Amino acid sequence: MVVTQEDVARNVAENVAVNGSRKLSPQEIADNLRERIRTGGLRAGDRLPTQAELAEEFGVERGTVRQALRALQDDGLLSNVSKGSPPRIAEPARTAGEQPQPTMVGLAPRLVEGFSVPRVRVDVVCHTAETLMLALGEPVRQIHEGRVRPESIDVRILLPSRDIDLAFPVAVEGGGDGNPVHERWLAMRNAQAQVLRHNLMSLRSSHGIDVHVSFRALPFTPPVKLYLVNEEEALIGYYMLTRREEEWGSQTLDMYDALGAKSLLFSFVKQADRRDAAFVEESQKWFDALWETITTDLTLS
């Protein structure tokens, strides 16, 4: 069984309900709609439900829905936005492989292409596994549908250690070990990584694919996210920091954080030219050096 982002959100919501209910944020609503677009629940040309219908579905105010729709518009996922009726899902950009796109939009198709080879290798440096978890849903779905069938999948992921003082997310005021901002990040890091590992490892029993998923802990906060696909493509994006608030349990967390799903991904393909080839090769060397030297075992608990 494939565990989805909705399962993670449901588990988090159940945990929060112990201390008090919370409403979905615009980012969470936008992520939910992005997932529907990516998995075909909403197709190019389809009209979105009205703002009133979306507000009722997600149990939020219309203003929250409008913020979520603006995020989708900024990502280029909507068309006919200002014509007096619900917007439509935009046609995919024909230059998707050439122009940088937000990670949430650009990563999944690159992973789908990467999973088309017999032996898949994906190496990742990131702050949490949320975007990677969601993006891997598409190639996993295609495997279940019989559209691709790799012989082996090897995924290695570097995440910040739970024991370090993170550069972000961090409380605007205060902080330190055991603070709620750190606890929130750690809970999300572990939950997302566990879902990712479960979804990939399940392919062993369901399809007989040789799957390996490994994690190691970084002794620092990575300022960028890096995805290396089959040693042929490197995708890099900068974490852009912003101040934001989020409800967590019974508290409102005021923090400096990065919205990794919105980071633009810049693609370097080994076969493009000598410059791109050098970037891919050096990025792979950098990842391997981190993996083999200063990183440590990572426990998802």
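See above for the structure.
Cut-offs and rules
Residues numbered from 1 in each chain as written. Predicted model: local features only at pLDDT ≥ 70, side-chain atom pairs only at ≥ 80, totals over all residues. Heavy atoms only, no water. Patch = residues over 30% accessible without salt bridge, like charges linked within 9 Å, V, L, I, M, F, W, Y side chains within 5 Å. Areas by Shrake-Rupley, 256 points an atom, 1.4 Å probe, with all protein chains shown as cover. Salt bridge = Lys/Arg side-chain N within 4 Å of Asp/Glu carboxyl O. Helix = DSSP H or I, 4+ residues; strand = E, 2+ residues; numbered from the N terminus. Pairing = 2+ DSSP bridges. Contact = heavy atoms within 4.5 Å. Axes fitted to C-alpha atoms, helices over the stretch in contact; angles between N-to-C directions. Buried < 20%, exposed > 50% of the residue type's maximum accessible area, 1.4 Å probe, protein only. Phe/Tyr/Trp six-rings, centres within 6.5 Å; stacked < 30°, edge-to-face > 60°. Lys NZ or Arg CZ within 6 Å of the ring centre and 35° of its normal. Parallel < 35°, antiparallel > 145°, perpendicular 65-115°, else oblique. Nonpolar A, V, L, I, M, F, W, Y, C, P; charged D, E, K, R; others polar.

Draft legend 1. Molecular detail of a nonpolar patch on the surface. Residues Tyr238, Met240, Leu264 and Phe266 make up a contiguous nonpolar surface patch of roughly 420 Å² in combined accessible area. Along the polypeptide, Leu264 turns up in strand β12 (residues 264-269).

Draft legend 2. Highlighting the sheet that holds strand β6 (residues 170-171). Taken in spatial order, the three strands line up as β6-β11-β10 in an open sheet, and their pairing is antiparallel. Of all strands in the sheet, those bounded by a partner on one side alone are β6 and β10 (241-248). Sheet topology note: the β6/strand β11 (residues 251-258) ladder contains two bridges and is antiparallel. Following the sheet pairing, Val170 is matched in β11 by Tyr256. Across the sheet, helix α8 (residues 180-207) lies against β6, β10 and β11, angled at about 70° from β11, the strand it touches most.

Draft legend 3. How the structure looks around the pattern of salt bridges. Inspection of every chain in the model, using the stated rule, returns 23 salt bridges. Across the pair Arg156 and Asp123 runs a salt bridge, and its minimum N-O distance is 2.9 Å. Of this pair, Arg156 sits in strand β5 (residues 152-160) while Asp123 sits in strand β4 (residues 119-125), and the two are 33 residues apart along the sequence. Residue classification places Arg156 among the buried positions, given a relative accessible area of 11%. Close ionic contact of Arg275 with Asp276 constitutes a salt bridge, the shortest N to O distance being 3.6 Å.

Draft legend 4. Structural context of the packing of aromatic side chains. Counting across every chain of the model gives three aromatic pairs. We note Arg156 situated over the ring of Trp291; from NZ or CZ to the ring centre the distance is 5.1 Å.

Draft legend 5. Quick look at the packing of helix α5 (residues 103-114) against helix α7 (residues 137-144). With their axes 8 Å apart at the nearest point, α5 and α7 run at an angle of 40° to one another. Classified by the angle their axes make, α5 and α7 are oblique. From α5, Ala108, Leu111 and Val112 reach across to α7, where they touch Glu138, Pro139 and Gln142. Looking at the contact of α5 with α7 residue by residue, the classes come out as four nonpolar, one polar and one charged.

Draft legend 6. Geometry of the sheet that holds strand β3 (residues 101-102). Pairing in this open sheet of eight strands is mixed, and the strands run β3-β12-β9-β8-β4-β5-β7-β13 from one edge to the other. The sheet is open, and its two edges are formed by β3 and β13 (296-297), each paired on a single side. Sheet topology note: the β3/β12 ladder contains two bridges and is antiparallel. Bridged to Gln101 within β12 is Leu265. Those strands touched by α8 are β5 and β7 (210-218), and its axis lies near 160° from that of β7.

It is worth stressing that arrangement in space is one thing and function is another; only the former is reported here.
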